[in-house]
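# Observations on the three-dimensional arrangement
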Amino acid sequence: YDGYLFMVIHAVNIQSAVAIVDTLEVDIFWGRSFVLTYHSVPVKSLSDMGDLCEKDGQRVLSRGADFFTHAIVDKIIDNFTPTLDRIEYLLEELEIQIFRKPTDRLLHELLDLKQTVLYLGRVAGAQRDVVGRIVRGEFGPVTKQAMAYWLEAYDHLLRMVYTVENQRDMITTARETYMSVVTNRTNEVIKVLTIIATVFMPITFIASLYGMNFRFMPEIYWKWGYPAALLLMVVSTAWMVWFFRRRKWI
């Protein structure tokens, strides 16, 4: 606008307990000789700036509105760092739990974390674009002396965007790892059940063979028929277990 700039930037909500990350909208009216901020709830970054102005207001405000606005924006950006560190810590913990005991709860946490990172990426990308227009010199109130500080804030936002993108890739990798671990464990269970079923196949065959009610069966009246059938079952089972171990299937 003529005579001032209107910026919309988002600060992290430190006091939020309902989500991994929550943001608060901060509106900034910025002219050559004034800076006005508007926010509906308290913002820690602005409270810290207010305390700093009370302690050393002359030094903070004497350099001009462009320096002071940069200090506010840079403080807001810096307060995202603990949130990014927390997300990275949660990712590391989830990766460890995936290998120990993958559960449906872990998958839900990964999906929730992905939604959080996507939201944070949109916020960081939008703020990068806003500060990027400032450092490209599209607006007048920024002096050459203050531009170096705005470039630093822009570089910080770029690192923030890259960090969020890396965390998004980590979540995708963790989800693929989860699916691989679950699939491998399922395959192990199926393998064990298949081996058990295969080992019992000769026993089932022998029991079915001698369970037929034909009148003229060779061993039906044999004195040692029952012990011999049991021995045949044991020998066939032992041979199959030995064969599986020799082939390193079990």
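So, here is what we can say about the structure in this document. (Residues numbered from 1 in each chain as written. Predicted model: local features only at pLDDT ≥ 70, side-chain atom pairs only at ≥ 80, totals over all residues. Heavy atoms only, no water.)

## Comments concerning the packing of helix α5 (residues 144-210) against helix α6 (residues 225-246)
What counts here: Angles here are taken between N-to-C directions and fall from 0 to 180 degrees, while the axes themselves are lines fitted to C-alpha atoms, restricted in helices to the stretch in contact. Where helices and strands are cited, they refer to DSSP runs of H or I of at least four residues and of E of at least two residues respectively, numbered from the N terminus. Here the angle decides the label: under 35 degrees means roughly parallel, over 145 means roughly antiparallel, 65 to 115 means roughly perpendicular, and every other value means oblique. It is the rotation of the near helix from the far one that decides the hand of a crossing: anticlockwise by less than a right angle makes it left-handed, clockwise makes it right-handed. Any pair of residues with heavy atoms lying within 4.5 Å of one another is described as a contacting pair.
Between α5 and α6, the least distance of the axes is 9 Å, while the angle of their chain directions is 155°. In terms of axis orientation, α5 runs roughly antiparallel to α6. Seen along the crossing, α5 lies across α6 with a hand that is right-handed. Contacts between α5 and α6 involve I195, T198, V199, P202, I203, I206 and A207 on the former and, on the latter, A229, L232, M233, S236, T237, M240, V241 and F244.

## What to know about the environment of K55
Tracing the chain through its elements places K55 in helix α1 (residues 44-61). Separated by 89 residues in the primary sequence, K55 and K144 have C-alpha atoms spaced 27 Å apart.

## Let's talk about the pattern of salt bridges
To keep things clear, this is the line we draw: Here, a salt bridge means any Lys or Arg side-chain nitrogen found within 4 Å of an Asp or Glu carboxyl oxygen. Throughout, exposure labels follow a simple rule: accessible area from a 1.4 Å probe, protein chains only, divided by the maximum for the residue type, with under 20% read as buried, over 50% as exposed, and the rest as partly exposed.
Scanning the model with the defined rule gives 3 salt bridges in all. Here R105 ties to E109 by a salt bridge, and the two come within 2.5 Å at their closest N and O atoms. Taken as a pair, R105 and E109 lie in helix α4 (residues 104-135) at a separation of 4 residues, close to a single helical turn. A relative accessible area of 30% places E109 in the partly exposed class. R128 serves as the salt-bridge partner of D129, at 3.4 Å between the closest nitrogen and oxygen.

## Regarding the nonpolar core
Our working rule: Nonpolar core, defined: a set of buried Ala, Val, Leu, Ile, Met, Phe, Trp, Tyr and Cys residues in which side-chain atoms within 4.5 Å join the residues together.
Counting residues in each nonpolar core, the largest one holds 49 residues, and the members touching the most others are V26, I28, W30, V73, L120 and W150. By residue number, the principal contributor to this core is α5, which donates 12 residues.

## Considerations on the sheet that holds strand β1 (residues 4-12)
Our working definition: Only when DSSP finds a minimum of two bridges between them are two strands counted as paired.
Taken in spatial order, the 3 strands of this open sheet run β1-β2-β3, and their pairing is antiparallel. The strands lining the two open edges of the sheet, one partner per strand, are β1 and β3 (35-38). Each adjacent strand pair in this sheet contributes to an overall mean axis angle of 25°, direction not counted. Looking at chain direction, strand β2 (residues 23-31) and β3 are connected through 4 bridges and run antiparallel.

## So, helix α2 (residues 65-78)
Rules: A helix is expected to span 1.5 Å multiplied by its residue count minus one.
Under the 1.5 Å per step criterion, the end-to-end length of α2 is 20 Å for 14 residues, consistent within 8% with the ideal 20 Å. Of all 14 residues in α2, 11 are buried, a share of seventy percent or more. Among all positions of α2, only A65, D66, F67, F68, T69, H70, I72, V73, D74, I76 and I77 are buried.

## Details of a nonpolar patch on the surface
Basically, it comes down to this: Residues qualify for a patch when their relative accessible area is over 30% and they have no salt bridge, like charges being joined within 9 Å and the nonpolar side chains of Val, Leu, Ile, Met, Phe, Trp and Tyr within 5 Å. We get accessible surface area from the Shrake-Rupley algorithm with a probe of 1.4 Å; when it comes to residues, only the shown protein chains can shield them.
There is a patch of nonpolar side chains on the surface, built from V189, V192, L193, I196 and F200 and spanning about 460 Å² of accessible area. Within the fold, V189 resides in helix α5.

## Some words on the environment of V164
Topologically, V164 is positioned in helix α5. Each C-alpha atom, one on V164 and one on D85, is 11 Å from the other, the two residues being 79 residues apart in sequence. Leave out the neighbours within four places in its chain, and V164 touches L84, V117, L120 and G121.

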